[in-house]
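Secondary and tertiary structure notes
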Amino acid sequence: MVNVNALGDPVPSARFMGGREHDILMQGNSVEPDDTDIATALNEGPMLLPAIVSDTGPFQGMSARWIGTEPAPGTGLRSACVSFYLALVTSHCLTLTGHQGSVFVEGPFARNTSYLKMLASATGTAVHAMTSTTGTSEGAALLARMTDGPTEALQEEPTISASKDHAAYARRWSNRVDGH
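Heads up: these notes are all about the structure in this document. Bear in mind that the values here come from a model prediction, so they are computed numbers and not experimental data.

1. Some words on the packing of helix 4 (residues 113–123) against helix 7 (residues 164–179)
Contact geometry for helix 4 and helix 7: axes closest at 8 Å, N-to-C directions at 70°. Classified by the angle between their axes, helix 4 and helix 7 sit roughly perpendicular to one another. Taking contact as the criterion, the partners of Lys 117, Met 118, Ser 121 and Ala 122 in helix 4 are, on helix 7, His 166, Ala 167, Tyr 169 and Ala 170. Residues that form the contact of helix 4 with helix 7 fall into these classes: five nonpolar, two polar and one charged.

2. Observations concerning the pairing of strand 5 (residues 103–106)
Burial of the side chains of strand 5 is restricted to one face: Val 103 and Val 105 are buried, whereas none of Phe 104 and Glu 106 on the reverse face is. The sheet contact formed by strand 5 and strand 6 (residues 127–130) spans four bridges and is parallel. Looking at the pairing, Val 103 lines up with Val 127 of strand 6. The parallel pair strand 5 and strand 6 is bridged by helix 4, and the resulting crossover is right-handed.

3. Regarding the packing of helix 3 (residues 76–96) against helix 4
For the pair helix 3 and helix 4, the least separation of the axes is 8 Å and the interaxial angle reads 40°. As for how helix 3 packs across helix 4, the hand of that crossing is right-handed. Between helix 3 and helix 4, the residues in contact are Ser 83, Phe 84, Leu 86, Ala 87, Leu 88, Thr 90, Ser 91 and Leu 94 and Ser 114, Tyr 115, Met 118, Leu 119, Ala 122 and Thr 123, respectively. Looking at the contact of helix 3 with helix 4 residue by residue, the classes come out as nine nonpolar, five polar and no charged.

4. So, the pattern of salt bridges
Tallying each qualifying case throughout the model produces one salt bridge. The closest approach of N and O atoms between Arg 78 and Glu 70, which form a salt bridge, is 2.9 Å. Residue Glu 70 is classed as partly exposed on the basis of its relative accessible area, which comes to 44%.

5. Remarks on helix 2 (residues 35–44)
Looking at helix 2, one finds that the buried residues are Asp 37, Ile 38, Ala 41 and Leu 42. On an axial view of helix 2, the arc spanned by its buried residues comes to 125°, and they lie on one face. The outward face of helix 2, more than 90 degrees from its buried face, is lined by the exposed residues Asp 35, Thr 36, Asn 43 and Glu 44. Among the structural elements, helix 3, helix 4 and helix 7 are those in contact with the buried residues of helix 2. Gly 45, located one to two residues past helix 2, shows a positive phi value of around 80°.

The rules behind the values
Residues numbered from 1 in each chain as written. Predicted model: local features only at pLDDT ≥ 70, side-chain atom pairs only at ≥ 80, totals over all residues. Heavy atoms only, no water. Axes fitted to C-alpha atoms, helices over the stretch in contact; angles between N-to-C directions. Helix = DSSP H or I, 4+ residues; strand = E, 2+ residues; numbered from the N terminus. Parallel < 35°, antiparallel > 145°, perpendicular 65-115°, else oblique. Contact = heavy atoms within 4.5 Å. Nonpolar A, V, L, I, M, F, W, Y, C, P; charged D, E, K, R; others polar. Buried < 20%, exposed > 50% of the residue type's maximum accessible area, 1.4 Å probe, protein only. Pairing = 2+ DSSP bridges. Right-handed = clockwise from strand over helix to strand, strands pointing away. Left-handed = near helix turned anticlockwise from the far one by under 90°. Salt bridge = Lys/Arg side-chain N within 4 Å of Asp/Glu carboxyl O. Arc of directions from axis to C-beta.

Below, the structure written as C-alpha coordinates:
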(Lines give C-alpha, C1' and ligand atoms only; values in the text may rest on other atoms or scores of the structure.)
Protein backbone atom coordinates (compact mmCIF):
# COMPACT_ATOMS: atom_id res chain seq x y z
CA MET A 1 0.00 0.00 0.00
CA VAL A 2 1.19 3.52 -0.68
CA ASN A 3 -0.10 6.62 1.05
CA VAL A 4 0.71 10.20 0.11
CA ASN A 5 2.33 12.66 2.49
CA ALA A 6 1.48 16.36 2.87
CA LEU A 7 3.88 17.20 0.03
CA GLY A 8 2.22 14.76 -2.37
CA ASP A 9 5.09 12.27 -2.21
CA PRO A 10 4.35 8.55 -1.98
CA VAL A 11 4.94 6.99 1.42
CA PRO A 12 5.02 3.19 1.65
CA SER A 13 2.79 1.87 4.40
CA ALA A 14 1.37 -1.33 5.78
CA ARG A 15 -1.62 -1.80 8.04
CA PHE A 16 -3.15 -4.37 10.30
CA MET A 17 -5.96 -4.26 12.81
CA GLY A 18 -3.72 -4.12 15.90
CA GLY A 19 -6.25 -2.42 18.16
CA ARG A 20 -9.00 -4.77 17.09
CA GLU A 21 -6.75 -7.81 17.53
CA HIS A 22 -5.78 -6.55 21.00
CA ASP A 23 -9.42 -6.17 22.01
CA ILE A 24 -10.36 -9.62 20.68
CA LEU A 25 -7.45 -11.29 22.46
CA MET A 26 -7.73 -9.43 25.76
CA GLN A 27 -11.53 -9.79 25.97
CA GLY A 28 -11.90 -6.51 27.83
CA ASN A 29 -9.24 -7.31 30.44
CA SER A 30 -6.49 -4.78 31.01
CA VAL A 31 -3.70 -6.46 32.96
CA GLU A 32 -0.14 -5.23 33.30
CA PRO A 33 2.29 -8.15 33.11
CA ASP A 34 4.85 -8.39 35.89
CA ASP A 35 8.49 -9.44 35.54
CA THR A 36 7.57 -13.11 36.08
CA ASP A 37 4.96 -13.01 33.30
CA ILE A 38 7.45 -11.45 30.90
CA ALA A 39 10.22 -13.90 31.81
CA THR A 40 7.84 -16.84 31.40
CA ALA A 41 6.73 -15.63 27.98
CA LEU A 42 10.29 -14.97 26.83
CA ASN A 43 11.83 -18.19 28.08
CA GLU A 44 9.15 -20.87 27.97
CA GLY A 45 6.49 -19.67 25.56
CA PRO A 46 3.61 -19.52 24.96
CA MET A 47 3.73 -17.75 21.64
CA LEU A 48 0.91 -16.45 19.45
CA LEU A 49 1.26 -16.73 15.67
CA PRO A 50 -0.79 -14.67 13.17
CA ALA A 51 -3.39 -13.78 12.28
CA ILE A 52 -6.26 -12.96 14.60
CA VAL A 53 -7.98 -10.84 11.94
CA SER A 54 -7.02 -12.86 8.89
CA ASP A 55 -8.85 -10.84 6.23
CA THR A 56 -6.50 -7.86 6.49
CA GLY A 57 -2.85 -7.09 7.27
CA PRO A 58 0.41 -8.70 6.24
CA PHE A 59 -0.65 -12.24 7.20
CA GLN A 60 -3.94 -12.45 5.29
CA GLY A 61 -5.33 -15.93 5.03
CA MET A 62 -3.29 -17.29 7.95
CA SER A 63 -5.07 -18.71 10.98
CA ALA A 64 -3.91 -17.72 14.44
CA ARG A 65 -2.56 -20.39 16.72
CA TRP A 66 -0.84 -20.63 20.05
CA ILE A 67 2.46 -22.45 20.47
CA GLY A 68 2.30 -23.92 23.94
CA THR A 69 -0.64 -23.52 26.26
CA GLU A 70 -2.84 -20.51 25.60
CA PRO A 71 -2.72 -18.21 28.64
CA ALA A 72 -6.04 -17.58 30.36
CA PRO A 73 -7.79 -14.27 29.64
CA GLY A 74 -7.27 -11.72 32.39
CA THR A 75 -3.72 -12.84 33.20
CA GLY A 76 -0.46 -10.93 32.96
CA LEU A 77 1.04 -13.76 30.93
CA ARG A 78 -1.65 -13.38 28.27
CA SER A 79 -1.09 -9.62 28.23
CA ALA A 80 2.66 -10.10 27.70
CA CYS A 81 2.12 -12.63 24.89
CA VAL A 82 -0.47 -10.44 23.16
CA SER A 83 1.80 -7.39 23.42
CA PHE A 84 4.70 -9.36 21.97
CA TYR A 85 2.52 -10.63 19.11
CA LEU A 86 1.31 -7.11 18.24
CA ALA A 87 4.86 -5.72 18.35
CA LEU A 88 6.14 -8.48 16.09
CA VAL A 89 3.37 -7.91 13.53
CA THR A 90 4.18 -4.18 13.69
CA SER A 91 7.86 -4.95 13.12
CA HIS A 92 6.95 -7.12 10.14
CA CYS A 93 4.90 -4.26 8.69
CA LEU A 94 7.84 -1.87 9.16
CA THR A 95 10.11 -4.33 7.36
CA LEU A 96 7.68 -4.50 4.45
CA THR A 97 7.84 -0.71 4.06
CA GLY A 98 11.65 -0.57 4.11
CA HIS A 99 11.66 1.23 7.45
CA GLN A 100 14.92 2.81 8.64
CA GLY A 101 15.66 4.83 11.74
CA SER A 102 13.88 5.37 15.02
CA VAL A 103 10.28 4.37 15.63
CA PHE A 104 7.80 6.74 17.27
CA VAL A 105 4.76 5.14 18.90
CA GLU A 106 1.78 7.24 19.94
CA GLY A 107 -1.66 6.38 21.25
CA PRO A 108 -2.51 3.53 23.62
CA PHE A 109 0.43 1.32 22.57
CA ALA A 110 2.84 4.08 23.70
CA ARG A 111 1.93 3.14 27.29
CA ASN A 112 2.45 -0.60 26.76
CA THR A 113 6.00 -1.31 27.92
CA SER A 114 5.90 -4.97 26.81
CA TYR A 115 4.92 -3.90 23.29
CA LEU A 116 7.57 -1.17 23.16
CA LYS A 117 10.41 -3.41 24.40
CA MET A 118 9.56 -6.14 21.90
CA LEU A 119 9.22 -3.62 19.06
CA ALA A 120 12.66 -2.15 19.87
CA SER A 121 14.15 -5.63 20.02
CA ALA A 122 12.51 -6.88 16.83
CA THR A 123 13.42 -3.79 14.79
CA GLY A 124 16.86 -3.33 16.33
CA THR A 125 16.26 0.38 16.70
CA ALA A 126 15.29 2.88 19.36
CA VAL A 127 11.57 3.19 20.01
CA HIS A 128 10.23 6.48 21.35
CA ALA A 129 7.01 6.34 23.37
CA MET A 130 5.03 9.49 22.62
CA THR A 131 3.27 9.57 25.98
CA SER A 132 2.68 13.33 26.12
CA THR A 133 0.56 13.35 22.96
CA THR A 134 -2.41 11.43 21.76
CA GLY A 135 -3.99 11.22 18.37
CA THR A 136 -2.58 11.15 14.91
CA SER A 137 -3.10 14.88 14.36
CA GLU A 138 -1.01 15.86 17.37
CA GLY A 139 1.69 13.36 16.39
CA ALA A 140 1.76 14.71 12.85
CA ALA A 141 2.02 18.27 14.17
CA LEU A 142 5.01 17.33 16.33
CA LEU A 143 6.72 15.59 13.41
CA ALA A 144 6.04 18.57 11.14
CA ARG A 145 7.97 20.80 13.57
CA MET A 146 11.06 18.64 13.27
CA THR A 147 13.97 20.04 11.27
CA ASP A 148 17.31 18.30 11.71
CA GLY A 149 16.03 15.95 14.40
CA PRO A 150 13.57 15.62 17.23
CA THR A 151 12.49 18.78 19.02
CA GLU A 152 13.22 19.14 22.73
CA ALA A 153 9.71 17.87 23.56
CA LEU A 154 10.30 14.71 21.57
CA GLN A 155 13.70 14.15 23.12
CA GLU A 156 12.07 14.10 26.56
CA GLU A 157 9.87 11.15 25.63
CA PRO A 158 10.95 7.75 26.94
CA THR A 159 13.26 5.82 24.64
CA ILE A 160 13.00 2.04 24.76
CA SER A 161 16.04 -0.07 23.88
CA ALA A 162 16.37 -3.65 22.68
CA SER A 163 17.05 -6.63 24.93
CA LYS A 164 18.76 -9.85 23.86
CA ASP A 165 16.01 -12.04 25.39
CA HIS A 166 13.32 -10.14 23.49
CA ALA A 167 15.39 -10.30 20.28
CA ALA A 168 15.77 -14.09 20.66
CA TYR A 169 11.99 -14.43 21.10
CA ALA A 170 11.46 -12.29 17.99
CA ARG A 171 13.76 -14.57 15.96
CA ARG A 172 11.91 -17.70 17.17
CA TRP A 173 8.58 -16.07 16.27
CA SER A 174 9.79 -15.08 12.80
CA ASN A 175 11.14 -18.58 12.14
CA ARG A 176 7.77 -20.08 13.10
CA VAL A 177 5.82 -17.60 10.98
CA ASP A 178 8.11 -18.15 7.98
CA GLY A 179 7.70 -21.92 8.35
CA HIS A 180 3.91 -21.58 8.82
